[in-house]
Amino acid sequence: GDLAWVLTESPSSCGACGGKGCGSSTFVRMLHPREPEYAVLNPISAQAGETVVVGIEEGALLQAAISGYLVPLMLLLLGALLGGIWGELQAVAGSVAGLMIAALWLKRRRSLPSPVILRKGSAGCSVG
């Protein structure tokens, strides 16, 4: 239909072992014992079992990084600075309050662009 569930292929860090034996792949498997599935838009009507290339809008990664890292950091620092006017304990409370405000803001803000299936085939080849 209009929505597909995709599994990602996790490349190994060096490509030598295909992610089966080195320490970095072991660490990843410990954190994610099974591959996560992602819901993506399916405008090309890809079928189950097909290999596809998924893309996101230009700037979406930067937007997500700013939303997920920069805004919480700035609110944490702002809260600490404002609380620090009255003392050390208030600075800690202010930083926690800043993080809580950031968490609420992130929870309400769900407007990041959705990933979409661009074409069938793998990322390394072009299927006409």
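Because the structure is predicted, anything quoted here is derived from the model rather than measured.

A. Molecular detail of the overall build of the chain. A tally of regular secondary structure across the chain gives 3 helices and 4 strands. Overall, the chain shows an N-to-C arrangement of helices and strands of β-α-β-β-α-α-β. Within the chain, the proportion of its 128 residues that are buried is 17%. If you sum the accessible surface of the chain, you get close to 9700 Å²; carbon and sulfur atoms cover 65% of it.

B. Just the nonpolar core, in detail. In this structure, Ala4, Val6, Val40, Ala46 and Ile117 together form the largest nonpolar core, which totals 5 residues. The residues touching Val6, leaving out its near neighbours within four places in the chain, are Pro36, Glu37, Tyr38, Val40, Val52 and Ile117.

C. View of the side chain of Ser67. Relative to the helices and strands, Ser67 resides in helix H2 (residues 60–84). In terms of polar contacts, Ser67 uses its side chain to reach the side chain of Arg109, at 2.9 Å. Excluding residues that lie within four positions of it along the chain, Ser67 makes contacts with Pro72, Trp105, Leu106 and Arg109.

D. Representation of a nonpolar patch on the surface within the structure. A contiguous nonpolar surface patch, about 530 Å² in accessible area, is contributed by Leu62, Ile66, Leu70, Leu73, Met74 and Leu77. Among the structural elements, Leu62 can be located in helix H2.

E. A look at H2. With 25 residues, H2 ought to run about 36 Å at 1.5 Å a step, and its terminal C-alpha atoms sit 35 Å apart, in line with that. The largest bend along H2 measures about 35 degrees and falls at Ile66. Taken together, the buried positions of H2 are occupied by Ala60, Ser67, Pro72, Gly79 and Gly83.

F. Local environment of the pattern of salt bridges. With the rule as written, the count across this model stands at 1 salt bridge. Among the ionic pairs, Lys120 bridges to Glu50, the shortest N-O distance being 3.5 Å. With a gap of 70 residues between them, Lys120 in strand S4 (residues 116–120) and Glu50 in the loop between strand S2 (37–41) and strand S3 (52–55) connect regions that are remote in the sequence. You can call Glu50 partly exposed: its relative accessible area is 33%.

G. Layout of the side chain of Ser95. Looking at the secondary structure, you find Ser95 in helix H3 (residues 88–108). Taking relative accessible area as the criterion, Ser95 reaches 14% and is therefore assigned buried. Setting aside residues up to four positions removed in sequence, Ser95 forms contacts with Leu76, Gly79 and Ala80.

H. Spotlight on unusual backbone geometry. Positive phi, close to 55 degrees, is recorded for Ser45, a residue that is not glycine. When you line up the elements, Ser45 lands in the loop between S2 and S3.

I. Just the packing of H2 against H3, in detail. The geometry of H2 relative to H3 is characterised by a closest axis approach of 7 Å and an angle of 150 degrees between their N-to-C directions. Compared by their axis directions, H2 and H3 come out roughly antiparallel. Where H2 crosses over H3, the two elements pack in a sense that is right-handed. For the pair H2 and H3, the contacting residues are Ser67, Gly68, Val71, Pro72, Leu75, Leu76, Gly79, Ala80, Gly83 and Gly84 in the first and Gln90, Ala91, Gly94, Ser95, Gly98, Leu99, Ile101, Ala102, Trp105 and Leu106 in the second. Along the lines of polarity and charge, the residues of the contact of H2 with H3 split into 11 nonpolar, 9 polar and no charged.

Definitions and limits used
- Residues numbered from 1 in each chain as written.
- Predicted model: local features only at pLDDT ≥ 70, side-chain atom pairs only at ≥ 80, totals over all residues.
- Heavy atoms only, no water.
- Helix = DSSP H or I, 4+ residues; strand = E, 2+ residues; numbered from the N terminus.
- Buried < 20%, exposed > 50% of the residue type's maximum accessible area, 1.4 Å probe, protein only.
- Areas by Shrake-Rupley, 256 points an atom, 1.4 Å probe, with all protein chains shown as cover.
- Core = buried A, V, L, I, M, F, W, Y, C linked by side-chain atoms within 4.5 Å.
- Contact = heavy atoms within 4.5 Å.
- Polar contact = N/O pair within 3.5 Å; in protein donor to acceptor, adjacent residues only side chain to side chain.
- Patch = residues over 30% accessible without salt bridge, like charges linked within 9 Å, V, L, I, M, F, W, Y side chains within 5 Å.
- Salt bridge = Lys/Arg side-chain N within 4 Å of Asp/Glu carboxyl O.
- Expected span 1.5 Å × (residues − 1).
- Bend = angle between axes of the 7 residues up to and from the residue.
- Axes fitted to C-alpha atoms, helices over the stretch in contact; angles between N-to-C directions.
- Parallel < 35°, antiparallel > 145°, perpendicular 65-115°, else oblique.
- Left-handed = near helix turned anticlockwise from the far one by under 90°.
- Nonpolar A, V, L, I, M, F, W, Y, C, P; charged D, E, K, R; others polar.

The quantities given are spatial measurements derived from coordinates; they are silent on function.
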